[in-house]
Amino acid sequence: VQLQASGGGLVQAGDSLKLSCRSSGRTFSLYGMGWIRQAPGKEREFVAAISRGGGSTDYADSVKGRFTISRDNYRNTVYLQMNNLKPEDTAVYYCAARGSIVTHIVITSPDEYQYWGQGTLVTVFS
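Report follows, based on the coordinates. Being a predicted model, the structure only gives us computed values, none of them experimental. As a convention, each chain's residues are numbered from 1 in the sequence order in which they are written. In keeping with the model being predicted, local features are shown solely for residues with a pLDDT of at least 70 and side-chain atom pairs are shown and tallied solely at 80 or more, while totals for entire chains, interfaces and linings include all residues. Hydrogen atoms and water are omitted, and side-chain values are computed over all heavy atoms in the structure.

Some words on the packing of aromatic side chains
This is how it is decided: Each Phe, Tyr or Trp ring (for Trp, its six-membered ring) is paired with any other whose centre lies within 6.5 Å, and the angle between the two planes then decides the class: stacked below 30 degrees, edge-to-face above 60, tilted in between. Under the scheme used here, helices are H or I runs from DSSP no shorter than 4 residues and strands are E runs no shorter than 2 residues, and both carry numbers assigned from the N terminus. With a 1.4 Å probe rolled over the protein chains alone, any residue whose accessible area is under 20% of its type maximum counts as buried; one over 50% counts as exposed, and the rest are partly exposed.
One pass over the structure, following the stated rule, counts 3 aromatic pairs. With a centroid separation of 6.0 Å and an interplanar angle of 75°, the aromatic rings of Tyr 31 and Tyr 115 are classed as edge-to-face. Of this pair, Tyr 31 sits in strand 4 (residues 31-38) while Tyr 115 sits in strand 10 (residues 115-116), placing them 84 residues apart in sequence. A ring pair is formed by Tyr 113 and Trp 116, whose centres lie 6.3 Å apart and whose planes are at 75°; its orientation type is edge-to-face. Under the relative-accessibility criterion, Tyr 113 is labelled buried at 6%. Clustering of aromatic rings is evident, with ring pairs tying together Tyr 94, Tyr 113 and Trp 116.

So, the sheet that holds strand 8 (residues 77-82)
Counted only if it meets this: Only strands joined by at least two bridges in the DSSP assignment are considered to pair. Angles run from 0 to 180 degrees between N-to-C directions of axes, and those axes are lines fitted to C-alpha atoms, restricted for helices to the stretch in contact.
As summarised here, the arrangement of the 4 strands in space is 1-3-8-7, forming an open sheet in which the pairing is antiparallel. Either end of the sheet is taken by a strand with one partner, and the two such strands are strand 1 (3-6) and strand 7 (67-72). The mean inter-strand angle of the sheet, taken between neighbouring strand axes irrespective of direction, is 15°.

Remarks on the side chain of Asp 72
Applicable threshold: Polar contact criterion, stated in full: a pair of N or O atoms within 3.5 Å, where within protein one must be able to donate a hydrogen and the other to accept it, and residues adjacent in sequence count only if both atoms are side-chain atoms. Note on contacts: a residue pair qualifies if any of its non-hydrogen atoms lie within 4.5 Å across the two residues.
Along the polypeptide, Asp 72 turns up in strand 7. Among the residues examined, Asp 72 registers a relative accessible area of 17% and is labelled buried. Within the local environment of Asp 72, its side chain forms a polar contact with the backbone nitrogen of Tyr 74, the two atoms lying 3.0 Å apart. Apart from residues lying up to four places away in sequence, Asp 72 is in contact with Phe 28, Thr 77 and Tyr 79.

Topic: the nonpolar core
Counted only if it meets this: Each nonpolar core is a collection of buried residues, namely Ala, Val, Leu, Ile, Met, Phe, Trp, Tyr and Cys, held together in the definition by side-chain atoms within 4.5 Å.
One finds Trp 35, Leu 80, Met 82 and Tyr 93 to be the most contacted residues of the largest nonpolar core, which totals 35 residues. Taken together, the elements giving at least two residues each to this core come down to strand 1, strand 3 (17-23), strand 4, strand 5 (44-50), strand 7, strand 8, strand 9 (91-99) and strand 11 (120-125).

Some points on the state of the cysteines
Under the convention used in this document: Here, two cysteine sulfur atoms that lie within 2.5 Å of each other are counted as a disulfide.
Scanning all chains against the criterion turns up 1 disulfide. A sulfur-sulfur separation of 2.0 Å characterises the disulfide bridge that pairs Cys 21 with Cys 95. Sign of the S-S torsion, about 55° for the bond between Cys 21 and Cys 95, identifies this disulfide as right-handed. Note that Cys 21 is positioned in strand 3 and Cys 95 in strand 9, a separation of 74 residues in sequence. Neither Cys 21 nor Cys 95 differs from the other in exposure class; each is buried.

With respect to the environment of Gly 7
With respect to the element layout, Gly 7 can be found in the loop between strand 1 and strand 2 (9-12). Relative accessible area serves as the criterion here: at 32%, Gly 7 is assigned to the partly exposed category. Put simply, Gly 7 and Leu 17 are 10 residues apart on the chain and 7.1 Å apart in space, counted from C-alpha to C-alpha.

Printed below as a string of structure tokens:
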């Protein structure tokens, strides 16, 4: 599985961005997907996850109500809509995938993901 993330950029606090992550191959619907971020000098942090079919999602408390994860299994793409961005959201955002036989499970631990994209940088200034 190869993952290609895009959509990062430099924005002002309060603005919105939508990240995309496209997967190669024809088995995208067999993978739970997630977004994980890493700010400079900090550990990786779970941001959001979505189940194989898209029916279950989970979010870090720091982004609940502001970020929305979604997926389009026909386009092999997972999205992260980020609204009301804050300077503390500044980080490199990675999409990640893990194969799952359970359709509704969401994966919130970065260590459990098997495949990672290259990351896209989001910088939020005040």
